[in-house]
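# Results of the structural survey
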Amino acid sequence: DGNKCSYRWTPGKFVIIDNSVTAHSRQPFNGTRKVFAAISKWGTQPVTDKTTHLVLKSGDKMPSVGLGLWKMPKEECSNAVYRAVQAGYRLLDSACDYGNEKEVGEGIANALYYNQCTREDLFVVSKLWNTFHRPEHVKLACQKSMADLQVDYLDLYLIHFPIA
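It should be emphasised that the depicted structure is a prediction, and the values quoted were computed from it without experimental measurement.

### Here we look at the overall build of the protein chain
Helix and strand counts for the protein chain come out as three helices and six strands. In the protein chain, the succession of helices and strands from N to C terminus is β-β-β-α-β-α-β-α-β. A burial count over the protein chain gives 30% of its 164 residues as buried. Partitioning the intrachain contacts of the protein chain with sequence separation of at least 6 by distance along the chain shows that 70% fall at a separation of at least 24. A total accessible area of about 11,700 Å² is found for the protein chain, and carbon and sulfur atoms account for 54% of it.

Here it is in structure tokens:
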């Protein structure tokens, strides 16, 4: 715990965190807060600018900024995903453990239906939960996430935690 840092959230205050050097935690937070995130050069350059992507070894491009969906309330999730895509976000970071993949899928479906982008423009991430590590469970878990997210493929599927 020597590397842990906590901030007290109070009305009117904000914290800026560089996610490239900081990991999120599972420490719970109760109360109302708003999370704002943006990366761009000064001016009107959109989030989808080519400078905001990481080129993977495969040659695929992954947006360097995305909407993290952990702890997003179900009742806000669909609209938040739609609005994020509308604002230029293209990476959606989800997981079955978050309990809101169906709502994320509704937001994705709405964004595609209303021509905010194409499926190929999105980089959709999900994660395999600990209880599905057995080889015979992985495909079913992945298919469930894709069905909930209303997508035919995932751009990245991770092992959420390397423990069973």
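From this point, things continue past the structure.
### What about the packing of helix α2 (residues 101-113) against helix α3 (residues 135-149)?
Where α2 meets α3, the axes come as close as 6 Å, and the angle between the chain directions of the two elements is 45°. By the criterion of interaxial angle, the relationship of α2 to α3 is oblique. Only Lys144, Ser145, Asp148 and Leu149 of α3 make contact with α2, whose side of the interface consists of Glu101, Lys102, Val104, Gly105 and Ile108. A breakdown of the residues in the contact of α2 with α3 according to their chemical character gives three nonpolar, two polar and four charged.

### Points about the side chain of Asn100
Examined against the element boundaries, Asn100 turns out to sit in the loop between β4 (91-93) and α2. Looking at Asn100, its side chain comes within polar contact range of the main-chain oxygen of Leu69, at 3.0 Å. The residues touching Asn100, leaving out its near neighbours within four places in the chain, are Leu69, Met72, Lys74 and Cys77.

### Some thoughts on the sheet that holds strand β5 (residues 123-128)
Ordered by their spatial adjacency, four strands build an open sheet running β3-β4-β5-β6, and the pairing between neighbours is parallel. On the outer flanks of this sheet lie β3 (66-68) and β6 (156-159), each paired with one strand and no other. Neighbour-to-neighbour, the strand axes of the sheet open up by a mean angle of 20°, direction not taken into account. Where β4 and β5 come together, three bridges link them in parallel fashion. Pairing of Leu91 across the sheet is with Phe123, part of β5.

### Examining the pairing of β6
As paired strands, β5 and β6 are joined by four bridges and run parallel to one another. Paired with Leu128 across the bridge in β6 is Ile159. Regarding the hand of the β-α-β motif, the stretch spanning β5, α3 and β6 is right-handed.

What counts as what
- Residues numbered from 1 in each chain as written.
- Predicted model: local features only at pLDDT ≥ 70, side-chain atom pairs only at ≥ 80, totals over all residues.
- Heavy atoms only, no water.
- Helix = DSSP H or I, 4+ residues; strand = E, 2+ residues; numbered from the N terminus.
- Buried < 20%, exposed > 50% of the residue type's maximum accessible area, 1.4 Å probe, protein only.
- Contact = heavy atoms within 4.5 Å.
- Areas by Shrake-Rupley, 256 points an atom, 1.4 Å probe, with all protein chains shown as cover.
- Axes fitted to C-alpha atoms, helices over the stretch in contact; angles between N-to-C directions.
- Parallel < 35°, antiparallel > 145°, perpendicular 65-115°, else oblique.
- Nonpolar A, V, L, I, M, F, W, Y, C, P; charged D, E, K, R; others polar.
- Polar contact = N/O pair within 3.5 Å; in protein donor to acceptor, adjacent residues only side chain to side chain.
- Pairing = 2+ DSSP bridges.
- Right-handed = clockwise from strand over helix to strand, strands pointing away.

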